[in-house]
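Descriptive analysis of the structure
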Amino acid sequence: MNWWSRFLDCVSPRMCVICNHRLAPTEHSVCCSCLFSLHRTDFHLTPYDNKMARLFWGLVPIEKAAAFVYFHPHSDPAQMVYQLKYANHPDIGIDLGRIMAQEMIPSDFFQDIDALLPVPLADKRMRQRGYNQSEQLAIGIHQLTHLPVITKALRRKSFHQSQTKLFRWERQENVSDTFQLVDDHELTGRHVLLIDDVCTTGATLCACINALKDVEDIRCSILTLSFTKKD
Ligand SMILES: [Zn+2]
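What comes next concerns the included structure. (Residues numbered from 1 in each chain as written. Predicted model: local features only at pLDDT ≥ 70, side-chain atom pairs only at ≥ 80, totals over all residues. Heavy atoms only, no water.)

Our focus in this paragraph is the environment of Glu216. Along the chain, the position of Glu216 falls in the loop between α9 (203-211) and β6 (219-228). When neighbours within four sequence positions are excluded, Glu216 is seen to be in contact with Thr188 and Gly189. (Helix = DSSP H or I, 4+ residues; strand = E, 2+ residues; numbered from the N terminus. Contact = heavy atoms within 4.5 Å.)

What follows covers unusual backbone geometry. Look at Asn20: it is not a glycine, yet its phi comes out positive at around 65 degrees. Summarising the element assignment, Asn20 is placed in the loop between α1 (3-11) and α2 (32-37). For Asp42, which is not glycine, the phi dihedral falls at a positive 60 degrees. Mapped onto the elements of the fold, Asp42 is located in the loop between α2 and α3 (51-56).

The next subject is the coordination of the zinc ion. Within the protein, the atoms that donate to the zinc ion are Cys16 (SG), Cys19 (SG), Cys31 (SG) and Cys34 (SG), at distances of 2.3 Å. Metal-centred angles of 103 to 116 degrees between the four donor atoms at the zinc ion mark the site as tetrahedral. (Donors = N, O, S within 2.8 Å, 3.2 Å for Na, K, Ca; no water. Tetrahedral: all angles 85-135°; square planar, octahedral: opposite > 155°, others 65-115°.)

Below, the discussion takes up the packing of aromatic side chains. For any pair of aromatic rings, the description consists of the separation of the ring centres together with the inter-plane angle of the planes. For the structure on display, the rule yields five aromatic pairs. A centroid spacing of 5.3 Å and a plane angle of 80 degrees characterise the contact between Phe43 and Phe227, whose relative ring orientation is edge-to-face. Here Phe43, found in the loop between α2 and α3, pairs with Phe227, found in strand β6; they are 184 residues apart in sequence, far enough to count as distant. The class of Phe227 is buried, set by a relative accessible area of 5%. (Phe/Tyr/Trp six-rings, centres within 6.5 Å; stacked < 30°, edge-to-face > 60°. Buried < 20%, exposed > 50% of the residue type's maximum accessible area, 1.4 Å probe, protein only.)

Before going further, it helps to examine the side chain of His191. Mapped onto the secondary structure, His191 falls in strand β5 (residues 191-199). The exposure class assigned to His191 is buried, which follows from its relative accessible area of 0%. If near-sequence neighbours (up to four positions away) are discounted, His191 is found in contact with Glu63, Lys64, Asp112, Ile113, Asp114, Ala115, Arg219, Cys220 and Ser221.

One open sheet accounts for four strands, arranged β1-β6-β5-β2; its pairing is parallel. What marks the edges here is a single partner per strand, and that holds for β1 (65-71) and β2 (115-118). On average, each strand axis in the sheet is tilted by 20 degrees relative to the strand beside it, whichever way the strands run. For β1 and β6, the ladder comprises six bridges, and the chain directions are parallel. Note that in β6 the partner of Ala66 across the bridge is Leu223. Where helix α4 (residues 76-86) meets the sheet, its contacts fall on β1, β5 and β6, and the angle it forms with β1 comes to roughly 105 degrees. (Pairing = 2+ DSSP bridges. Axes fitted to C-alpha atoms, helices over the stretch in contact; angles between N-to-C directions.)

A separate point is a nonpolar patch on the surface. A cluster of nonpolar side chains, namely Trp3, Trp4, Phe7, Leu8 and Val11, defines an oily patch on the protein surface of about 600 Å² accessible area. Residue placement: Trp4 occurs in helix α1. Given a relative accessible area of 44%, Trp4 falls into the partly exposed group. (Patch = residues over 30% accessible without salt bridge, like charges linked within 9 Å, V, L, I, M, F, W, Y side chains within 5 Å. Areas by Shrake-Rupley, 256 points an atom, 1.4 Å probe, with all protein chains shown as cover. Salt bridge = Lys/Arg side-chain N within 4 Å of Asp/Glu carboxyl O.)

Have a look at this one:
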């Protein structure tokens, strides 16, 4: 941390997005204690066959799937995702992307990936929020892996209805034609890693992969910040 950052930290202290305690100079967005207590999925250690990968089997072709932590409503990761999406904190996404990448790099998860493809937001939502949380995660992952981030290949059509109030089959109906391929030149022949904040039913990621189905020789894998655990 340089002197300017230290000065800013004195004037406006940085707080942990989970416990709201003050962060140490070496901590970023989440304090060490909260980071330690997050419930990891460890899916990246068995990326071809895990609970998340199985959501997509028989629906769309994927290579690997991983999520950083389990998501339960009102849990610590839920607080983290809320801050990332709704509290106007784009930097949290970059920090969390870096944290995920740092923990996953030793497993070789990124080794055969060619590019990162954040799930796009619809234009209207992007204007409201000012940033795309999935793109922020991808930027953080890029900073440690140096994988390029592709942002112009897919477009998301306007958002019709809040996803959270719908049943699973309705969600799949609702998002099935949400994405449109607009430029495939960065995708042809590549293994892309789709990045999103949350995976619950997998419907949004399925819709993304469906929109990529005509790209020649593309392979898709998936990485999300959190995975909703079904009890
Ligand atoms: Zn904390």
